[in-house]
Amino acid sequence: MSDVNPILSGSAQSIAAYQDAIEQSTQAVVEWLKQPEMYQGKTVEQLRERINLNFTSQGLGNQAAIERAVEYFLKDSLLVHHAQCVAHLHCPSLVISQAAEVLINATNQSMDSWDQSPSATIIEIKLIEWLREQVGFPAGDAGVFTSGGTQSNLMGLMLARDAFFARQGHSIQQDGLTGDLSKIKVFCSESAHFSVQKNMALMGLGYRSVTQVKTDAFSRMDLADLKDKLAQARADGEQVMAIVATAGTTDAGAIDPLADIAALAAEHQIWMHVDAAWGGALLLSEKYRHFLNGLELADSVTLDFHKQFFQTISCGAFLLKDARHYELMRYQAAYLNSDFDEEHGVPNLVSKSLQTTRRFDALKLWMGLEALGKKQYAEIIDNGVTLARDVAEFVKTQPHLELVMEPQLASVLFRFRPHSDDLAFVALLNQRIGDVLLASGSANVGVTEADGITCLKLTLLNPTVNLADVKILLASVKETAEQLLKA
Ligand SMILES: Cc1ncc(COP(=O)(O)O)c(C=O)c1O
């Protein structure tokens, strides 16, 4: 072993090494932040060629390892804060979130048990209580921070499934899946996130267990079709274990009619999970909070803070209305969450999570809320929603562009429309516009489909982006399209 102790500790030598490494890294980030290009425009092949691992027996030392990370990782990373980086629900992060990461990483608390994260456990519990209050759930602390929307949706679906079987006197946890599984269904809209399908497959019920309800012209779940499909399911002897409503679909930002869906779910005694991974940001909104009316009627909710809450990846939460349902996933491990601890009121959060070892991501939200205050947080969230409306109005004035759908949250779906009735050609052209812009390093625009139409997507989360920036981007779209048409 080299004479330099590589472990972070309180020794003078370790502290000096820590400070050097952090300062070198911070300096590199500062330089990277100033980079003008959104991306240095390298292809998959070029990056594969360029990036090589260099694991030597003696080790390179911290300084050289950081230099190599700067050269091979940082320089070719996407600048997510760049005004032209608007493809995905991939936010630029709050400065305070970066500070929180320093604390989270250096302390390396693990959220599975109280004795590995004493103050962190209490902060997370208090934040869950606060989030429940924002949603309109009864007071309590049933819920947990997660790695993001996919995991939160998995928790909702899993508990819905287990509650469904429990009502029939069967414990999935003890005995596994049973009966004619082809009859068990989950309903969600055609625009729901694909993690519903993936999670159902993971849970042993397969893609075929997902019944997709039609959507209206705004990508919202169509209530008439939901009613028809519920009636059809009953007639076919199927059993619906959950309805997943979405508050903020990934592309259109559509919010399903939550209260109406909740009423139907209650009538049919079906668990309602709301995937509010994106739209949940409106909990803090001053202008648009009412879009989420009905969220409080859900049995469980997904929230994601690494989307429009501007936290670094990863940071999400799962909220469960009735804490008793946590019994369905109860597992007592003597070394982590023993009966003894439970009897003595020791909160070991492993009991509420699918993960065991888990990051203290809650700190980021806590510090973000304290640093910004609700008002500034509301402003940066509302900015995107308002900007999307302004951009849509501008798109309508441009003869070569077509607005595909009116915006609902902070996204704009549109396409370049050449003088051609060949729809396959128009689709390919829009796909190529997105590809060429990214390859040139100048912009990252989403390419997706809305109602079978291939279109471009601007996800305008970034509160530092304004209409003038988007006009520059739309001019590049036009220029790129014209070049492609010429070629
Ligand atoms: C509506 C919705 N739900 C769930 C997810 C999955 O979230 P995550 O990527 O955090 O797992 C996404 C991702 O974009 C989403 O848009």
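Conventions we followed
- Residues numbered from 1 in each chain as written.
- Predicted model: local features only at pLDDT ≥ 70, side-chain atom pairs only at ≥ 80, totals over all residues.
- Heavy atoms only, no water.
- Axes fitted to C-alpha atoms, helices over the stretch in contact; angles between N-to-C directions.
- Helix = DSSP H or I, 4+ residues; strand = E, 2+ residues; numbered from the N terminus.
- Parallel < 35°, antiparallel > 145°, perpendicular 65-115°, else oblique.
- Left-handed = near helix turned anticlockwise from the far one by under 90°.
- Contact = heavy atoms within 4.5 Å.
- Nonpolar A, V, L, I, M, F, W, Y, C, P; charged D, E, K, R; others polar.
- Core = buried A, V, L, I, M, F, W, Y, C linked by side-chain atoms within 4.5 Å.
- Buried < 20%, exposed > 50% of the residue type's maximum accessible area, 1.4 Å probe, protein only.
- Domains from an automatic or database assignment.
- Pairing = 2+ DSSP bridges.
- Disulfide = S-S within 2.5 Å.
- Buried area = accessible area lost by both parts, 1.4 Å probe.
- Salt bridge = Lys/Arg side-chain N within 4 Å of Asp/Glu carboxyl O.
- Polar contact = N/O pair within 3.5 Å; in protein donor to acceptor, adjacent residues only side chain to side chain.

## A closer look at the packing of helix α6 (residues 149–167) against helix α8 (residues 195–202)
The geometry of a pair of packed helices is captured by two quantities: the angle between their axes and the separation between those axes.
Right, so step 1: At a closest axis distance of 9 Å, the pairing of α6 and α8 adopts a crossing angle of 55°. Taken as axis vectors, α6 and α8 run oblique relative to one another. Along this stretch, α6 crosses α8, giving a crossing that reads as right-handed. Facing Thr150, Asn153, Leu154 and Leu157 of α6, the residues of α8 in contact are Ser195, Val196, Asn199, Met200 and Leu202.
Right, so step 2: Grouping the constituent residues of the contact of α6 with α8 by class yields five nonpolar, four polar and no charged.

## Remarks on the nonpolar core
Buried together is how nonpolar side chains tend to be arranged in soluble globular proteins.
Right, so step 1: Of all hydrophobic cores here, the largest spans 67 residues; its most connected members are Val274, Val301 and Tyr377.
Right, so step 2: Considering every element that reaches this core, the biggest residue donor is helix α12 (residues 362–396), with 10 residues.
Right, so step 3: Here this core spans two domains, since at least three of its residues come from each of domain 1 (110–359) and domain 2 (369–486).
Right, so step 4: Ignoring sequence-local partners within four residues, the contact set of Val274 consists of Ala245, Ala247, Leu258, Leu295, Ala298, Ser300, Val301 and Thr302.
Right, so step 5: Grouped together as the second largest cluster of nonpolar side chains are 30 residues, Leu154, Val186, Met200 and Leu328 included.

## Describing the environment of Gly316
Right, so step 1: Its place among the elements puts Gly316 in strand β7 (residues 316–320).
Right, so step 2: Distance from Gly316 to Gly149, taken between C-alpha atoms, is 6.4 Å for residues 167 residues apart in sequence.
Right, so step 3: Setting aside residues no more than four positions away along its own chain, Gly316 makes contact with Val144, Phe145, Thr146, Gly148, Leu303, Asp304 and Phe305.

## What about the packing of helix α1 (residues 12–33) against helix α3 (residues 62–74)?
Right, so step 1: At their nearest, the axes of α1 and α3 sit 10 Å apart, and the two run at 20° to each other. One finds that α1 runs roughly parallel with respect to α3. For the pair α1 and α3, the sense of crossing is right-handed. Contact residues: Ala21, Gln24, Ser25, Ala28, Val29 and Trp32 in α1; Gln63, Ile66, Glu67, Val70 and Leu74 in α3.
Right, so step 2: Looking at the contact of α1 with α3 residue by residue, the classes come out as seven nonpolar, three polar and one charged.

## Thoughts on the sheet that holds strand β11 (residues 453–459)
Right, so step 1: If you trace the four strands from one edge of the open sheet to the other, you get β8-β9-β11-β10, paired in antiparallel fashion. The outermost strands of the open sheet, each flanked by one partner alone, are β8 (401–405) and β10 (446–450). On average, each strand axis in the sheet is tilted by 45° relative to the strand beside it, whichever way the strands run.
Right, so step 2: Pairing geometry for strand β9 (residues 411–416) and β11, over four bridges, is antiparallel. For Leu413, the partnering residue across the bridge sits in β11 and is Lys457.
Right, so step 3: The sheet strands contacting helix α13 (residues 423–440) are β9, β10 and β11, and the helix crosses β9 at an angle near 120°.
Right, so step 4: Strands β8, β9 and β11 of the sheet are contacted by helix α14 (residues 467–486), whose axis makes an angle of about 25° with β9.

## Quick notes on the state of the cysteines
Right, so step 1: For the structure shown, the criterion picks out zero disulfides.
Right, so step 2: Take Cys91: it sits in no disulfide, and the sulfur closest to it among the cysteines is that of Cys315, at 9.7 Å.
Right, so step 3: The exposure class of Cys315 is buried, given its relative accessible area of 0%.

## Some points on the pairing of strand β6 (residues 300–304)
Right, so step 1: The element β6 is extensively covered by neighbouring structure, given that five of its five residues are classed as buried.
Right, so step 2: Every second residue of β6 is oriented toward a common face, with Ser300, Thr302 and Asp304 on one face and Val301 and Leu303 on the other, all of them buried.
Right, so step 3: When strand β5 (residues 271–276) meets β6, the two strands line up parallel, connected through four bridges. Across the sheet, residue Asp275 finds its bridge partner in β6, namely Thr302.
Right, so step 4: Here β6 pairs with β7 via five bridges, running antiparallel. Within β7, the residue paired with Ser300 across the bridge is Leu320.

## What about the side chain of Asn444?
Right, so step 1: With respect to the helices and strands, Asn444 occurs in the loop between α13 and β10.
Right, so step 2: We classify Asn444 as buried; its relative accessible area is 11%.
Right, so step 3: When sequence neighbours within four positions are dropped, the list of residues in contact with Asn444 reads Met38, Leu78, Gln84, Cys85, Val86, Ala87 and Leu438.

## Things to note about the domain arrangement of the chain
Right, so step 1: For the chain, the domain assignment lists domain 1 (110–359) and domain 2 (369–486).
Right, so step 2: For domain 1 and domain 2, the distance between their C-alpha centres works out to 31 Å.
Right, so step 3: Each partner contributes residues to the interface: domain 1 has 29 residues there, and domain 2 has 25 residues.
Right, so step 4: Across the domain 1 to domain 2 interface the summed buried area is about 2300 Å²; carbon plus sulfur atoms make up 60%.
Right, so step 5: Counting the surface domain 1 buries against domain 2, the share from its top three residues, Asp251, Leu284 and Phe310, is 26%.
Right, so step 6: Between domain 1 and domain 2 we count two salt bridges in total.
Right, so step 7: The tally of links between domain 1 and domain 2 comes to 14 residue pairs in polar contact (both at pLDDT 80 or more).
Right, so step 8: Its residues assigned to classes, the side of domain 1 that touches domain 2 comprises 15 nonpolar, nine polar and five charged.

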